[in-house]
Amino acid sequence: MANKKHSKESWISAGLSALKNGDSSTLRAELLAKQLGTTKGSFYWHFADVPTYRDAVIDSWRNEVLNGIVTQLSANGGPEQRLHAFGQQILCDKVDPAIRIWAKSHAYARLTLAQIDEQRLTYITTLLASLGIANPAFALACYGTLIGAPSVQTDTTPSQAFTALIDLIFALK
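Residues numbered from 1 in each chain as written. Predicted model: local features only at pLDDT ≥ 70, side-chain atom pairs only at ≥ 80, totals over all residues. Heavy atoms only, no water.

1. Some words on the overall build of the protein chain
Then, number 1: Within the protein chain one finds 9 helices and 0 strands.
Then, number 2: Reading the protein chain from its N end, one meets helices and strands in the order α-α-α-α-α-α-α-α-α.
Then, number 3: With the principal axes as the frame, the protein chain shows a C-alpha extent of 60 × 35 × 30 Å.
Then, number 4: Out of the 173 residues belonging to the protein chain, those deemed buried represent 40%.
Then, number 5: Of the contacts made within the protein chain by residues no fewer than 6 positions apart, 67% connect residues no fewer than 24 positions apart.
Then, number 6: Taken together, the 16 basic and 14 acidic charged side chains of the protein chain have centroids lying 6 Å from each other. (Helix = DSSP H or I, 4+ residues; strand = E, 2+ residues; numbered from the N terminus. Buried < 20%, exposed > 50% of the residue type's maximum accessible area, 1.4 Å probe, protein only. Contact = heavy atoms within 4.5 Å. Lys, Arg positive; Asp, Glu negative; His and termini not counted. Charge placed at Lys NZ, Arg CZ, Asp CG, Glu CD.)

In structure tokens form, the structure reads like this:
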């Protein structure tokens, strides 16, 4: 095995890639070192232990998601376009489903996910309110579609389901 040096960020990136494949159990020093073509020593140079590493991976995901929300806050376009764009951003987050599964057994993932859900719901609620739709249940229905629809196997894509729901909400307005 080559003894390649890796940065803290490359280890975190490897962890996020592993989560995109849906499995937090692969976030182990030996397995990741093998995937990166290095030794566990490189891992332990940057992280005191595996739990510290896992928290760093969660923090990186949280920061990426929060930066995405901030970007959406300053995006051009009307509330309807921004809502569609935000929905696409959530649907493209391939780490989110793994974090949701992991949160069932990992306290820090659960806490972080709750913070992300709160921020995302607040943004959706704000966008809908700016369109005159003040009932927070609509925001929850939109968000629930975004996080739940990808797990349903059907000919309708999650994006199509979200668009149909948004169109219905606007038609009822």
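2. Regarding the environment of Ala141
Then, number 1: Positionally, Ala141 belongs in helix α8 (residues 136-148).
Then, number 2: Distance from Ala141 to Leu165, taken between C-alpha atoms, is 8.4 Å for residues 24 residues apart in sequence.

3. A look at the state of the cysteines
Then, number 1: Throughout the structure, instances matching the rule amount to 0 disulfides.
Then, number 2: Cys142 supplies the cysteine sulfur nearest to Cys92, a cysteine that is in no disulfide, at a spacing of 17 Å.
Then, number 3: Residue class for Cys92 comes out exposed when judged on its relative accessible area of 56%. (Disulfide = S-S within 2.5 Å.)

4. A look at the packing of helix α5 (residues 79-91) against helix α7 (residues 107-130)
Then, number 1: Running from N to C, α5 and α7 point in directions that differ by 160 degrees, and their axes come no closer than 9 Å. The orientation of α5 relative to α7 falls into the category roughly antiparallel. Viewed along their axes, α5 and α7 form a crossing whose handedness is left-handed. Where α5 abuts α7, its residues Pro79, Arg82, Leu83, Phe86 and Ile90 lie against Arg120, Tyr123, Ile124, Leu127, Leu128 and Ser130.
Then, number 2: The class makeup of the residues in the contact of α5 with α7 is 8 nonpolar, 1 polar and 2 charged. (Axes fitted to C-alpha atoms, helices over the stretch in contact; angles between N-to-C directions. Parallel < 35°, antiparallel > 145°, perpendicular 65-115°, else oblique. Left-handed = near helix turned anticlockwise from the far one by under 90°. Nonpolar A, V, L, I, M, F, W, Y, C, P; charged D, E, K, R; others polar.)

5. Considering the side chain of Arg120
Then, number 1: Note that Arg120 resides in helix α7.
Then, number 2: Accessibility expressed as a relative area gives 2% for Arg120, which makes it buried.
Then, number 3: Not counting chain neighbours up to four residues away, the residues in contact with Arg120 comprise Trp61, Val65, Ile69, Phe86, Ile90, Asp93, Asp96, Arg100 and Tyr143.

6. Quick word on helix α1 (residues 8-20)
Then, number 1: With 13 residues, α1 should reach 18 Å at 1.5 Å per residue; the first-to-last C-alpha distance of 19 Å fits that figure.
Then, number 2: Among the residues of α1, Trp11, Ile12, Ala14, Gly15, Leu16, Ala18 and Leu19 are the ones counted as buried.
Then, number 3: Packed against the buried residues of α1 are α2 (29-36), α3 (40-46), α4 (50-73) and α6 (96-102).
Then, number 4: In the segment just after α1, Gly22 is the residue with positive phi, at about 90 degrees. (Expected span 1.5 Å × (residues − 1).)

7. Structural notes on the pattern of salt bridges
Then, number 1: Here the structure, examined in full by the defined rule, presents 5 salt bridges.
Then, number 2: Arg100 is the salt-bridge partner of Asp96, the closest N and O atoms lying 2.6 Å from each other. With Asp96 and Arg100 both in helix α6, this residue pair falls 4 residues apart, about one helical turn. For the residue pair Asp96 and Arg100, the accessibility class agrees, reading buried in each case.
Then, number 3: One salt-bridge network, in which partners are shared between bridges, spans Asp93, Asp96, Arg100, Asp117 and Arg120. (Salt bridge = Lys/Arg side-chain N within 4 Å of Asp/Glu carboxyl O.)

8. Quick look at the packing of aromatic side chains
Then, number 1: Per the counting criterion, the structure on display carries 6 aromatic pairs.
Then, number 2: Between the aromatic rings of Phe43 and Tyr53, the centroid separation amounts to 5.0 Å while the plane-to-plane angle is 65 degrees, which identifies the pairing as edge-to-face. A residue pair is termed long-range when its members are at least 10 positions apart, and Phe43 in helix α3 and Tyr53 in helix α4 qualify at 10 residues.
Then, number 3: Look at Phe43 and you get buried, because its relative accessible area is 0%.
Then, number 4: We classify Tyr53 as buried; its relative accessible area is 0%.
Then, number 5: Of the aromatic side chains, those joined through ring pairs into one cluster are Trp11, Phe43, Tyr44, Phe47 and Tyr53. (Phe/Tyr/Trp six-rings, centres within 6.5 Å; stacked < 30°, edge-to-face > 60°.)

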